[in-house]
Amino acid sequence: MRLHALKSQLIAVTAWFPMLGSVVVTTAGLVSGRLPLLAVGLGALAITLLVRCWKWSIAAKANAHLTTTSGPAHDEEAALTAPSSQPSGGEADLKALILEMLTRGRYALLLRRQIVSGLSAEQLDFTRQALADGMVVVPAGEVMLSDGESTADDGRFTDDEVDRYRLARVPVEDFFLDRYLVSNRQYQQFVSAGGYEQAALWDPTILPAVLDFVDQTGHPGPRFWKNGRHLPGQEEYPVVGICWYEAAAYARWVGKRLPTDAEWVKAASWPVAVSPGVWQQRKYPWGNAFEPCRANLWGCGPGHTVPVEEFAAGASVGGAYQLIGNVWEWTSGDFGYDDVEGPLLSEPASAAVMKCLRGGAFDTYFETQATCQFRSGDHPLARKHNVGFRCAISACDLVLTADYELQADEPADADRDVADDYDGDESSYANLDLDDGSYVSTPSNPLPIAEEVAV
Amino acid sequence: MVPLDSYRLANYSVGLPCYICGEDNLHDAEICRHCFAPLALAHQVNAQGIQPQILTTIGSSGAGKTVFLGMLLDMLSRQPNGLQLLARGAFSITLQQLTIGALAQCRFPQKTPLEADRWNWVHAQLKSNEQPQPLELVMPDLAGEAIAQEIEHPFSQRAIRELLSKSRAALLLVDAMSLERGLVEQDFFLLKLLCYLQELPAEAPPKSRRGAASPWSHEPWGKRPLAVVFTKADVCAGCFDDPEGFAAQYLPGVRQFCRDRFSQVAYFAAGVAGGCISRTIRYEGRVRVPLRIEPRGIVEPFEWLIQQLQGGKKRNALREKLRFS
């Protein structure tokens, strides 16, 4: 990041060269007393000053945008929650900002409780539409998590089997999950907006390693990119070559988070309580039998990644594409040594150094290792050719109704929670646990969205 | 009773020569009493009139020979296009079955035992769209300890010596992970192995039946194709991108030796597991456990070897043609 700062300073210095040149020419004209030289020098100086003034005005506008678009989520929220006091120019900027956020896929930030009241009805409609296009709703409920393939082939579980097969019954709240894997095009927005240079987006412990998250040409970006850009023609392919921290930083930038293990399995296997004590949970998103044409796995696909919108036949009940196949997906869960079957004698202290991967990839050889239940893991700094991700967000973190208004005592509580952790310093801001969004809503203050999502 | 006895007597009176070592055996024996190779190979050669070529997979103990070979067999038997492998004899499927069965359950297969009578052998027919004539191959799964024993004490493992003498080409497997960790044992082992191959006498052409061309190589080892495969490359950064560069960095001595003494050498990287962890398991100690199976670079070295063999066959045919003309 120091290199980037140096580069920007260099650019700033070189920007003054034309003006310096014109001053030199004018001075030379004055000293020598040659009128044409003086006229040329003055003309050049005037033009340079005009251009500089125009650039300053543009930069001032861009700066206003930058503090809101590329800064931490709270800065955006602060900028958007107080639009009424701004002049009409500010409203225009706000509109431009909202449009920019929508085009960059950062609609989830606009639907935060503190921001949504500042949106017009039209803007809210657009934002809701973006949410509907980009994410699927997964209803609340329980999901069975197993440690492997020790589950029934027909996907049915009884209470006895839950105990016998060491299954974990995990409750999951309503949440939204990305309909598609994050594509190169979407990730390009993050890279172009300087996501790798914003310390607030990254886990403070990993900041020294961020300098090492470069592409093949040494620019910040995924491992297999070149010159800070994805390869031509791969806009809609899933972004790969990113580590767990890069995935988490992107998710934070768009106002989302990585899904938990239970959320991922719930979205894919879509569990249903058939009768009291009996659960039906799918082995694959489309059913309990493997069908090669529905997923991009070894032997079923072209042998490499495919665009994120392909294999529609393998979509989940909720409408999420490619949960199985194409690329493995990072989740927020830890992967410990307990996750591998077999008698365990001892395990090292660093048992949870890995992060969880779900879903299988284009080169996954066995279909039994690409089920909704199967989990694998990798080092969080690993940047593999077949690992990507998708984002999630809790439904309680979003507000979809226009008539929502903050209650009198609620913002004070929420703001106090935020203020307790945030003292204006970026580094302390980074310590905020934005991923779980717990400061936004509390069980005692249920948000209106809960009813809407349940429907 | 008399005709039956005569039939049996006739069978017992004529020895069945082992396809690998050429020594006579009883016609109903399962394995050769001299080199422990399966006599099913000899039966198939006699019955079908085919002369399979030997292709060996060699390397130190723990280099991943069993996993590589088992995975290769399964991939070639499953893929619809390109090279296809069809097993001959039920014994040829055992290696594939054991390897794939273990990997599917996120385990590596058991180590190949030192005893030659417990090795798994593969006899298969290789078909490809480009070559109308299928190729018959014999590919044994050798124990790394047995190879090391034969290198240290020549003639101690007869099967190894016979196989390497008659092998047309070889896949030399090297554990890239241990190389990257700076362990030098493999470096010395490989140098010894290459020296041993160099010293093996060129096999005299056997008396071919019905005028068939000899399947055995009677060229010195320096002229036979050798594919150096860095296994477990999934955990070594950059190994897949530039295997020869990896060799130059971690195996400079071996690379220099190959450059000087072997005319057909190529470097490859391969990996079967997408990720691994080490675990301590009761009665087994510290073992590596694959977290998922993602074969990569498995077929490429084999394809290269086959191309070299077929190219060599074409070259020989052209040479013969020129000589007669």
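Note that the structure is predicted; figures quoted are calculated from it, not measured.

Undergrad: Go over the overall build of chain B, please, and point to the residues and values.
TA: Looking only at helices and strands, one finds 11 helices and 11 strands in chain B. Taking all 325 residues of chain B together, the buried fraction comes to 51%. Long-range contacts, defined as pairs at least 24 residues apart, comprise 70% of the intrachain contacts of chain B with a sequence gap of at least 6.

Undergrad: Give me the lowdown on the interface of chain A and chain B, citing residues and values where you can.
TA: Opposite the 26 residues of chain A that make contact, chain B presents 24 residues. Counting across the interface, chain A meets chain B through 1 salt bridge. Among the ionic pairs, Asp378(A) bridges to Arg292(B), the shortest N-O distance being 2.6 Å. Along the contact surface separating chain A from chain B lie 12 residue pairs in polar contact (both at pLDDT 80 or more).

Undergrad: Lay out the side chain of Asn25(B) in plain terms, naming residues and giving numbers.
TA: Residues and elements named next belong to chain B. Tracing the backbone shows asparagine 25 in strand E2 (residues 24–25). In this structure the side chain of asparagine 25 is engaged in a polar contact, spanning 2.9 Å, whose partner is the backbone nitrogen of arginine 33. In contact with asparagine 25, not counting residues within four places along its chain, are Gly15, Leu16, Cys18, Ile31, Cys32, Arg33, His34 and Leu39.

Undergrad: Give me the lowdown on helix H13 (residues 261–269) of chain A, citing residues and values where you can.
TA: Most of H13(A) sits out of view: 9 of its 9 residues are buried. Within two residues after H13(A), Trp270(A) carries a phi angle of roughly 50°, on the positive side.

Undergrad: Summarise the sheet that holds strand E9 (residues 354–358) of chain A; cite the residues concerned and give the values.
TA: Residues and elements named next belong to chain A. In spatial order, the strands read E10-E9-E8-E11; together these 4 strands make up an open sheet with mixed pairing. Each edge of the open sheet is held by one strand with a lone partner, namely strand E10 (375–378) and strand E11 (387–388). Where E9 lies against E10, 4 bridges are found, and the strand directions are antiparallel. From the neighbouring strand, cysteine 356 faces E10, where its bridge partner is glycine 377.

Undergrad: Before we move on, can you summarise helix H6 (residues 158–166) of chain B with the specific residues and values?
TA: Residues and elements named next belong to chain B. With respect to burial, H6 is a largely interior element, 8 of its 9 residues being buried. Residues of H6 that are buried: Ala159, Ile160, Arg161, Glu162, Leu163, Leu164, Ser165 and Lys166. Here the buried face of H6 lies against strand E3 (53–59), strand E5 (120–127), strand E6 (135–141), helix H5 (144–152) and helix H8 (185–199).

Conventions used here
- Residues numbered from 1 in each chain as written.
- Chains lettered and ligands numbered in written order.
- Predicted model: local features only at pLDDT ≥ 70, side-chain atom pairs only at ≥ 80, totals over all residues.
- Heavy atoms only, no water.
- Helix = DSSP H or I, 4+ residues; strand = E, 2+ residues; numbered from the N terminus.
- Buried < 20%, exposed > 50% of the residue type's maximum accessible area, 1.4 Å probe, protein only.
- Contact = heavy atoms within 4.5 Å.
- Salt bridge = Lys/Arg side-chain N within 4 Å of Asp/Glu carboxyl O.
- Polar contact = N/O pair within 3.5 Å; in protein donor to acceptor, adjacent residues only side chain to side chain.
- Pairing = 2+ DSSP bridges.

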